Amino acid sequence: MDSTSSSTVGMKEVKEEERPHVLVVDDSLIDRKIMEKLFTNSACKVTTAESGQKALELLGQGDNKHTNINNHQGPKINLVVTDYCMPGMTGYDLLKKVKESSDISEIPVIVVSSENVPTRIEKCLEEGAQEFILKPLKQSDVKKLRCHMQFTRALKGRLCLGR
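None of these values were measured; they are calculated from a predicted model. (Residues numbered from 1 in each chain as written. Predicted model: local features only at pLDDT ≥ 70, side-chain atom pairs only at ≥ 80, totals over all residues. Heavy atoms only, no water.)

**Quick notes on the sheet that holds strand S6 (residues 109-113)**
An order of S4-S3-S5-S6-S7 is seen for the 5 strands of this open sheet, with the pairing classed as parallel. Of all the strands in the sheet, the pair left with one neighbour each is strand S4 (45-49) and strand S7 (131-134). Ignoring which end each strand starts from, the neighbouring axes of this sheet average 20° apart. Here S6 pairs with S7 via 4 bridges, running parallel. The partner of Ile 110 across the bridge, within S7, is Glu 131. Contacts from helix H1 (residues 29-41) reach strand S3 (21-25), S4, strand S5 (79-83) and S6 within the one sheet, and its direction differs from that of S4 by about 165°. Contacting S6 and S7, helix H4 (residues 118-127) runs over the sheet at an angle of about 150° to S7. (Pairing = 2+ DSSP bridges. Helix = DSSP H or I, 4+ residues; strand = E, 2+ residues; numbered from the N terminus. Axes fitted to C-alpha atoms, helices over the stretch in contact; angles between N-to-C directions. Contact = heavy atoms within 4.5 Å.)

Below, the structure written as structure tokens:
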């Protein structure tokens, strides 16, 4: 798809530049592909990363600043969805780094996990996660998450669909 293409959601056409951009972070290729498909089905643009470190690089916070997809020339990330359990940097560590950075702290972060651990959920929410969702993610979860997405200059504020 080029930058002038569009997607149709219901009866409403969404231009490429107006589509929310989601960064999906998960060490599991299968889980990344599932989440990518769910968000794409909800008219979102999706970028994936296999680790917290790669996600930080894409957000312009890692060692390689040239891969920043959140800079002024490129599309802005509207939502980060990260797995909690990943080798190296956990989803919780990624959440903390995002919320500590003045450049990207406003980006909503959703943490997902296959493990229902109340203390872990509470810790993530206290650190600033918008939501903590148990895997497997479903299409209804993705629709609910659209309320958390920040939109670029074309659409100011947040858009709530599917609630």
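**Focus: the packing of aromatic side chains**
Using the criterion set out here, one finds 0 aromatic pairs in the structure. If you follow Lys 123 out to its NZ or CZ, it ends over the ring of Tyr 92, 4.3 Å from the centre. (Phe/Tyr/Trp six-rings, centres within 6.5 Å; stacked < 30°, edge-to-face > 60°. Lys NZ or Arg CZ within 6 Å of the ring centre and 35° of its normal.)

**Re the side chain of Asn 78**
If you trace the backbone, Asn 78 turns up in the loop between helix H2 (52-58) and S5. Residue classification places Asn 78 among the buried positions, given a relative accessible area of 1%. Of note is the side chain of Asn 78, whose polar atom sits 2.5 Å from the backbone nitrogen of His 21. (Buried < 20%, exposed > 50% of the residue type's maximum accessible area, 1.4 Å probe, protein only. Polar contact = N/O pair within 3.5 Å; in protein donor to acceptor, adjacent residues only side chain to side chain.)

**Quick look at the confidence of the model for the protein chain**
Mean pLDDT over the protein chain works out to 82, with 73% of the residues at or above the 70 mark. Within the protein chain, no element has a lower average pLDDT than strand S1 (residues 6-9), which sits at 46, and none a higher one than helix H3 (residues 91-100), at 98. Note that residues 1-11 has pLDDT below 50 and, in this model, 21 contacts with residues that lie over four places away or in other chains. Counting interchain partners and residues more than four positions distant, the pLDDT-below-50 stretch residues 152-163 has 28 contacts. (pLDDT = per-residue confidence, 0-100.)

**Details of the environment of Leu 23**
Inspection of the secondary structure assignment puts Leu 23 in strand S3. Along the primary structure Leu 23 and Ala 55 are separated by 32 residues, whereas in three dimensions their C-alpha atoms are 7.6 Å apart.

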